[in-house]
Amino acid sequence: MNLLQTAAWPLADGHRRTTCWADMAMGLAAMVMVVLSGALNTMPMSESVDTPAGSGAGASSTDSAPRSQFLDREKVASFYLAQPWYYPSNTKLQRNDGTDITLKNMGWDGDMLMPPIDGGVRYIDWFGPAGFMIDFLHNKAVARLGKGAHGRKISKPVIETVETEGTLKGNPAPHTLKLTELFDRFEFTHGQNMLLFGGVLRFSGLSPRIRPYAGLGVGFAVPHVEVWFKGEKLENRTNEYQYAGPAASAIAGIEFRFGRMSYYLEYKWSWASISGLLTGNESWKNFNLPGDLLRQLRSWWKNDVPAYGTFSTTLSAHQAVGGIGWRLTPTPVAAP
């Protein structure tokens, strides 16, 4: 069991540690950045395979500036696949029928290969060893109701029973509750989407074509909320994209460079604080994400109250990532 699992996995007696996921992951990522910064300052840089003729080992000895493989300014666009493994989280549900309940330590499952496939797109603008990153991540997260994404049949269905706290339809909630007693569907399968902005560092040491890197990102979550309550009419179902709260990520990986192509394998930690609305809405006029967000903005402006209540949870995951990129600016900038 790795360090993150040791720090946050449920203990034997069923009690969760009180470690704050965001603080812990950010702290670990910060340590990675410190190590990389030290490596940048101490490790010799190997000659770049992308350095133009005349600027490498054969350049004039009168050059006063040291040569390195990071003299070039690069812009790299890429796409990737990602498989998430979620940690359990508490889910709070408040409705106008007297329900104010907390579902404790709910499990979430990914469904990577069920369309739309989990992954993302990324753009990095490199300035030497440091880069600015824009990252759009699409995952799926499905509550354990014995079904996969979009209600599909799965070979080994799991229906979860969770401990509860609070009230359910005006009465004290039962101590334990099978999720299928409350939901027909509870998932984010057209995306537990996150738009992230951040910084990345890379360094040399293995070879000019192999570059380790690490980075941090912050942004916001835009999930497609699908919440259907058991036994309730179709009009009560929420099926729409929503701005739902802040999000963050930490990454560490290795890039393999061949010509203008870039391939990478990566560990990603993702975190999102989800505060969702139970609106009973379908995606608006087939405009999907932009239309739904415009409708939500209009409702905020008018101070509308969600028709069927609210919910909140936290989605935190370890992720395995593999991606392919294209270097848009292959020509390096000459050293001074």
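Predicted model only: the values in this text are computed from it and were never measured.

(A) Here's a closer look at the environment of Leu 328. Looking at the secondary structure, you find Leu 328 in the segment after strand S16 (310–327). Put simply, Leu 328 and Arg 260 are 68 residues apart on the chain and 7.8 Å apart in space, counted from C-alpha to C-alpha.

(B) The arrangement of the packing of aromatic side chains in detail. Taken as a whole and assessed by the stated rule, the structure comprises ten aromatic pairs. Geometrically, the ring pair formed by Trp 108 and Phe 188 is tilted, given 5.8 Å between the ring centres and 40° between the ring planes. Of the two residues, Trp 108 is situated in strand S4 (residues 108–109) and Phe 188 in strand S10 (residues 183–202); the sequence distance between them amounts to 80 residues. Residue class for Phe 188 comes out buried when judged on its relative accessible area of 0%. Geometry around Phe 229 places Arg 95 over its ring, the cationic atom sitting 3.7 Å from the centre. If you follow Arg 185 out to its NZ or CZ, it ends over the ring of Trp 228, 4.0 Å from the centre.

(C) Examining the pattern of salt bridges more closely. Under the criterion given, the structure shown has 21 salt bridges. Residue Glu 74 pairs with Arg 202 through a salt bridge whose shortest N-O separation is 3.2 Å. With a gap of 128 residues between them, Glu 74 in strand S1 (residues 73–86) and Arg 202 in strand S10 connect regions that are remote in the sequence. In this structure, Arg 122 and Glu 266 form a salt bridge, with 2.8 Å as the shortest nitrogen-oxygen distance.

(D) Examining the side chain of Thr 313 more closely. Here Thr 313 is to be found in strand S16. Relative accessible area serves as the criterion here: at 4%, Thr 313 is assigned to the buried category. Ignoring anything within four residues of it in the chain, the contact list for Thr 313 reads Ser 89, Asn 90, Thr 91, Trp 108, Ala 272, Ser 273 and Ile 274.

(E) Structural context of the nonpolar core. Leu 103, Trp 108, Phe 183, Phe 186, Phe 188 and Phe 311 are the most contacted members of the largest nonpolar core, which totals 45 residues. Of all the elements, S10 adds the most residues to this core, at six residues. Apart from residues no more than four positions distant in its own chain, Phe 311 is found in contact with Lys 92, Leu 93, Phe 186, Phe 188, Val 225, Val 227, Ile 274, Ser 275, Gly 276, Leu 277 and Leu 278.

(F) Fine view of the pairing of S16. Pairing between S1 and S16: eleven bridges, direction antiparallel. Directly across from Tyr 80, in S16, lies its bridge partner Gly 323. Direction of pairing for strand S2 (residues 89–94) relative to S16: antiparallel, over a ladder of three bridges. Looking at the pairing, Lys 92 lines up with Ser 312 of S16. Relative to S16, strand S15 (residues 261–277) runs antiparallel, the two sharing 17 bridges. In the sheet register, Ser 270 faces S16, and the bridge partner there is Ala 317.

How each quantity is defined
- Residues numbered from 1 in each chain as written.
- Predicted model: local features only at pLDDT ≥ 70, side-chain atom pairs only at ≥ 80, totals over all residues.
- Heavy atoms only, no water.
- Helix = DSSP H or I, 4+ residues; strand = E, 2+ residues; numbered from the N terminus.
- Phe/Tyr/Trp six-rings, centres within 6.5 Å; stacked < 30°, edge-to-face > 60°.
- Buried < 20%, exposed > 50% of the residue type's maximum accessible area, 1.4 Å probe, protein only.
- Lys NZ or Arg CZ within 6 Å of the ring centre and 35° of its normal.
- Salt bridge = Lys/Arg side-chain N within 4 Å of Asp/Glu carboxyl O.
- Contact = heavy atoms within 4.5 Å.
- Core = buried A, V, L, I, M, F, W, Y, C linked by side-chain atoms within 4.5 Å.
- Pairing = 2+ DSSP bridges.

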